[in-house]
Each structure stands twice: as C-alpha cells, then as structure tokens.
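Chain and residue survey
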Amino acid sequence: LDKIKNTYKNNFMFKRLLMFSLTFTLLLNCSFTKKPEFVRLENFKVIDSNSKNITIRTEALFLNKNDVGGTLKTDDLKVYINDLELASVISDEFDVPKRENFTIPLTVKIATDSIMTDENLGSLLGSLLFQKLKVHIKGEIKYKILGYSSTYSVDEIQDVKIKF
C-alpha cells in the first residue's frame, strides 16, 4: 500500500512540475514586453483644400511582433505648416493588432486663415507658387498595455502638394 501511495505521490508531483514547466515556457515564449516598433509616417496627402480649410492625412506605420495588442494615443502630436505651429492631432485610442504590421490614420484640419498671417506671408506665397506646403509633424505617440506604457518620438517633415 505504501508503494502505491509513493507512486501516486510521485506521479502527482511529476504532473505538477510538468504543468508548471509548460506554463513557464509559454509565458517566456509569448512576447509582450516589447513595444510595437514605430516605422515612419507615410502617405502624406492633402485630401481637401478650399477657401476655409486644408485637410491633411498621413498614416503612422507600426510593426507589432507581440502576441498581445494594446492601445495607441496620438494627443501629443503638433502640426507645423511652413514652420508655424498651427494644429494638434487629437484622436481616439487605436487598438493595436497582435503580430502584424498596421497603420493608424492621422487627419488634421487646418483653417486657411491661420496659415495666412503676416509672419507667414512669404512662405505662403512660395507655397502657392509651387503648390506645396511644408508639413512637419512632431511630438509623441503613447502606447499602453497591461499597466505598461511607453512613448514614441515622431519628427517627420514632408512637402505636400496642394491643389486649388
């Protein structure tokens, strides 16, 4: 009877050790401690321009190698047009998909009268002549997951064609 009890006890301990080992191995192999990689801003476009507003759209490209998602928030991005700070990007939180490349759209609407100031008149005339605006997006994108947070620094400049 003692031999059966010892065998049962040894099997039970072996199964517990095996379950613990499998759980520990799975946790180590599931990567979620690395934040998604910010690649770049791309596809800058003026999607609408009229006498009242200019609407510019770009996409932030990310690569997430993690087995879990998280969220991204873009409240701390400033938009400069021809070296003047004219707007901020404010958006809802974006859900980060797990294990894939993804983009988040960033859209900014800028009042044309804010571009047409005395200090910006020279660069505005150049922009109208060449039909280009110098768009500079600078700031931070915040990443959050399971109580962990991190930021990405963004500092991208593009010349964007405008059509009237």
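This section reports on the structure supplied with the text. (Residues numbered from 1 in each chain as written. Predicted model: local features only at pLDDT ≥ 70, side-chain atom pairs only at ≥ 80, totals over all residues. Heavy atoms only, no water.)

1. Comments concerning the pairing of strand E4 (residues 84-89)
Each regular strand displays side chains that alternate between the two surfaces of the sheet. Two strands pair when backbone bridges link them, and strand E3 (residues 71-81) and E4 are joined in this way by five bridges, in the antiparallel orientation. Bridge pairing links Leu77 to Val89 in E4. Turn length for the E3-E4 hairpin, with the two strands adjacent in sequence and antiparallel, is two residues, and the turn residue Asn82 shows positive phi of about 50 degrees. (Pairing = 2+ DSSP bridges. Helix = DSSP H or I, 4+ residues; strand = E, 2+ residues; numbered from the N terminus.)

2. Brief notes about the pairing of strand E7 (residues 132-145)
Bridging between E3 and E7 involves nine bridges; their strand directions are antiparallel. Bridge pairing in E7 links Ile81 to Val135. Here E7 pairs with strand E8 (residues 148-161) via 14 bridges, running antiparallel. Considered in E8, the bridge of Lys142 is made with Thr151. Once E7 ends, the chain turns through two residues before running back antiparallel as E8, passing Leu146 with a positive phi of about 45 degrees.

3. Section: the sheet that holds strand E1 (residues 37-49)
Within a sheet, neighbouring strands are paired by backbone hydrogen bonds and run either parallel or antiparallel to one another. Across the sheet, three strands lie side by side as E1-E2-E6; this open sheet has antiparallel pairing. Edge strands, defined here as strands with exactly one partner in the open sheet, are E1 and strand E6 (100-111). The average angle at which neighbouring strand axes cross in this sheet is 20 degrees, direction not considered. Across twelve bridges, strand E2 (residues 53-64) lies against E6 in antiparallel orientation. Looking across to E6, one finds that Phe62 is bridged to Phe102. (Axes fitted to C-alpha atoms, helices over the stretch in contact; angles between N-to-C directions.)

4. What to know about the nonpolar core
Phe62, Leu72, Val79 and Val135 are the most contacted members of the largest nonpolar core, which has 29 residues in total. Among the elements of the structure, E1, E2, E3, E4, E6, E7 and E8 are those that each provide at least two residues to this core. Looking at which element gives the most residues to this core, the answer is E7, with six residues. Excluding its chain neighbours within four sequence positions, the residues that come into contact with Val79 are Leu84, Glu85, Leu86, Ala87, Val89, Val108, Ile110, Val135, His136 and Ile137. (Core = buried A, V, L, I, M, F, W, Y, C linked by side-chain atoms within 4.5 Å. Buried < 20%, exposed > 50% of the residue type's maximum accessible area, 1.4 Å probe, protein only. Contact = heavy atoms within 4.5 Å.)

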